[in-house]
Amino acid sequence: MRLRKLEIALQRLAGFSSPRAELEQYQTPASLAARLLFDAYMKGDIEGKSVCDLGSGTGLLAIGATLLGAKIVTGVEIDQKAVAVANKNATLLNVDINFIVADVNDTTLKERLGTFDTVIMNPPFGAQNAHADRPFIDLALQIGKVTYGIFNVGSRQFIETYILGRANISQVIGGKLPIKRTFAFHTKDVQEIEVEILRLIQTKNAIQAAHKKS
Ligand code: SAH
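Worth saying up front: this structure is predicted, and the values here are computed from it rather than measured.

Peer 1: Which residues make up the site of the ligand, and what are the values?
Peer 2: Not every one of the 20 residues close to the ligand is listed here, only the nearest: Q25, T28, G55, E77 and D103. Separating a nitrogen atom of the ligand from a backbone N or O atom of V104 is a distance of 3.0 Å. When the free accessible area of the ligand is taken as 570 Å², the share hidden by the protein chains comes to 96%. Among the detected pockets, the ligand sits in the largest pocket. Considering only residue class, the shell around the ligand consists of nine nonpolar, eight polar and three charged.

Quick look at the structure:
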């Protein structure tokens, strides 16, 4: 499936029925989601791989990964209502995904999930609850060999330091995240936030890859 076709398919998906500000429930625009997924696909991180979407919301990233040929896709989402929408969206596009209602802060989750080739996520940026992104990064680095995440441009330096010794940033792609007026505290109809898609590679995998090359 080509990039444009993927974007068109993702545009058909339903959004949050009643978005919750405290969970930073913003559906990723189809164009940005397709970009992340297609880039991961081109890097060999999607087709035939096991993929986990953390904070899967209405299922956009998880569904897109399935459309690009991922072997097994699991979504983890704290909000039951969002999972209900995600399941409907999966049915609409005729894909099979295991959506789990769970909190990424749950310490038993790592055991339950096991490991994945690839983690994809658009986590909360921590705008409502400071550091809400950290448990996402922590869990992703424990369960996934490679992680693709969407982050606020300003947070790259923090992330670099935060993941030190655990993972490296192996790629950065710039993008824009148009946020439509969703919550009462939004003052503009659409506000564009500069974001970066970061590809994080677990340190032990980075070392293995280097060994293979030499
Ligand atoms: N992945 C979706 C949604 C991104 S918005 C998309 O790309 O469109 C971030 C999502 O993380 C929301 O659905 C929110 O409910 C979820 N979330 C926030 N805190 C969470 C937590 N502690 N555990 C699991 N999911 C959480």
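Peer 1: Let's hear about the nonpolar core: which residues, and what values?
Peer 2: Judged by nonpolar contacts, the single largest core of 38 residues is most densely connected at L10, L36, L37, A65 and I120. Looking at this core, the elements that each hand over two or more residues are α1 (3-11), α2 (30-42), α3 (60-67), α4 (80-92), β5 (144-152), β6 (167-180) and β7 (190-202). Apart from the residues lying within four places of it in its own chain, the contact partners of L36 are L61, I120, Y148, I150 and I197.

Peer 1: Before we move on, could you go through the sheet that holds strand β3 (residues 98-101) and cite the residues and values that matter?
Peer 2: Reading across the sheet, the seven strands line up as β3-β2-β1-β4-β5-β7-β6 and stay open at both edges, with mixed pairing between neighbours. Of all strands in the sheet, those with a lone pairing partner are β3 and β6, marking the two edges. Within the sheet, the average angular offset between the axes of one strand and its neighbour, ignoring direction, is 20°. In this structure, strand β2 (residues 72-77) lies alongside β3, joined through four bridges in parallel fashion. Across the sheet, E77 pairs through a bridge with V101, a residue of β3.

Thresholds, definitions, all that
Residues numbered from 1 in each chain as written. Predicted model: local features only at pLDDT ≥ 70, side-chain atom pairs only at ≥ 80, totals over all residues. Heavy atoms only, no water. Near = heavy atom within 4 Å. Polar contact = N/O pair within 3.5 Å; in protein donor to acceptor, adjacent residues only side chain to side chain. Areas by Shrake-Rupley, 256 points an atom, 1.4 Å probe, with all protein chains shown as cover. 1 Å grid on protein atoms, 1.4 Å probe; cavity = no way out; pocket = protein on both sides within 12 Å on 5 of 7 lines; lining within 4 Å. Sits in = over half its atoms within 2 Å of the grid points. Nonpolar A, V, L, I, M, F, W, Y, C, P; charged D, E, K, R; others polar. Core = buried A, V, L, I, M, F, W, Y, C linked by side-chain atoms within 4.5 Å. Buried < 20%, exposed > 50% of the residue type's maximum accessible area, 1.4 Å probe, protein only. Helix = DSSP H or I, 4+ residues; strand = E, 2+ residues; numbered from the N terminus. Contact = heavy atoms within 4.5 Å. Pairing = 2+ DSSP bridges. Axes fitted to C-alpha atoms, helices over the stretch in contact; angles between N-to-C directions.

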